[in-house]
Amino acid sequence: GRGGGDSGGGTKEEKRAGWWLSGNLTNGAKHAVMSALANMGWMQHSKLLAGAKVGATKALLRSIHIGALVGAELKRKAGPRIAEEKLRGVMLLASVARGAKFPVSEEEYRKVEWEANVVAPLQKACRGGKFEIA
């Protein structure tokens, strides 16, 4: 039926509202989540995207504005406190969670930093020993 729950019914807005995290997290808490995600590998990230967990993961990432957090961390004058490669892995997780599609133009490709945020982390995951590419 309608109304969300496990039945799969409801509008996109109703489903989104069901996963939205209410209340404000402190900046420290947001950074702690970002740091924890950055210290996970692709196999751990993929478990966050499996089955029903993808909705909660997507809501968490959206609620803490992960793209803005990672962007600000990468642009710190003193340099990022977390390795750039790990932060780009978080951006790959966010891209997959939101169902990002390949950019339609060269301008969009550069704007979303597709090479750094998707291509490079995927290549790293494929070289991680868990996959064999012929």
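This structure is a prediction, so every number in the text was calculated from the model and none was measured.

Parameters and conventions
- Residues numbered from 1 in each chain as written.
- Predicted model: local features only at pLDDT ≥ 70, side-chain atom pairs only at ≥ 80, totals over all residues.
- Heavy atoms only, no water.
- Helix = DSSP H or I, 4+ residues; strand = E, 2+ residues; numbered from the N terminus.
- Buried < 20%, exposed > 50% of the residue type's maximum accessible area, 1.4 Å probe, protein only.
- Contact = heavy atoms within 4.5 Å.
- Axes fitted to C-alpha atoms, helices over the stretch in contact; angles between N-to-C directions.
- Parallel < 35°, antiparallel > 145°, perpendicular 65-115°, else oblique.
- Left-handed = near helix turned anticlockwise from the far one by under 90°.
- Salt bridge = Lys/Arg side-chain N within 4 Å of Asp/Glu carboxyl O.
- pLDDT = per-residue confidence, 0-100.

A short note on the overall build of the protein chain
- Along its length, the protein chain carries eight helices and zero strands.
- Out of the 134 residues in the protein chain, the part that is buried amounts to 28%.
- Here the contacts in the protein chain between residues at least 6 apart in sequence split such that 61% fall between residues at least 24 apart.

Looking at the packing of helix H4 (residues 53–63) against helix H6 (residues 84–97)
- Where H4 meets H6, the closest approach of the two axes is 9 Å, and the angle between their N-to-C directions is 120°. Here H4 is positioned oblique relative to H6, judged by the angle of their axes. Between H4 and H6 the crossing geometry is left-handed. Across the interface between the two elements, Val 54, Thr 57, Lys 58 and Leu 61 of H4 pack against Leu 93, Ala 94 and Ala 97 of H6.

What to know about unusual backbone geometry
- Not every positive phi belongs to a glycine, and His 65 is a case in point at roughly 55°.
- With respect to the secondary-structure elements, His 65 resides in the loop between H4 and helix H5 (66–74).
- For His 65, a relative accessible area of 48% puts it in the partly exposed group.
- Of note in this structure, Glu 113 is not a glycine but carries a positive phi near 50°.
- Relative to the helices and strands, Glu 113 is located in the loop between helix H7 (106–111) and helix H8 (114–126).

As for the pattern of salt bridges
- With the rule as written, the count across this model stands at five salt bridges.
- Of the charged contacts, one joins Arg 88 and Glu 84 as a salt bridge, the two residues approaching to 3.1 Å between their closest N and O atoms. Placement of both Arg 88 and Glu 84 in helix H6 is noted, with a separation of four residues, approximately one turn of the helix.
- The class of Arg 88 is buried, set by a relative accessible area of 11%.
- Looking at Glu 84, the relative accessible area reads 43%, which means it is partly exposed.
- The salt bridge partner of Arg 110 is Glu 106, with a shortest N-O separation of 3.0 Å. One end of the pair is Arg 110 and the other is Glu 106, both in helix H7 and four residues apart, which spans about a single turn.
- For Glu 106, a relative accessible area of 60% gives the class exposed.
- Each member of the salt-bridge network shares a partner with another, and the members are Glu 84, Arg 88 and Glu 113.

What about the confidence of the model for the protein chain?
- Looking at the protein chain, the pLDDT average stands at 84 and 78% of residues meet or exceed 70.
- Across residues 1–8, where pLDDT falls below 50, the model places eleven contacts with residues more than four positions away in sequence or in other chains.

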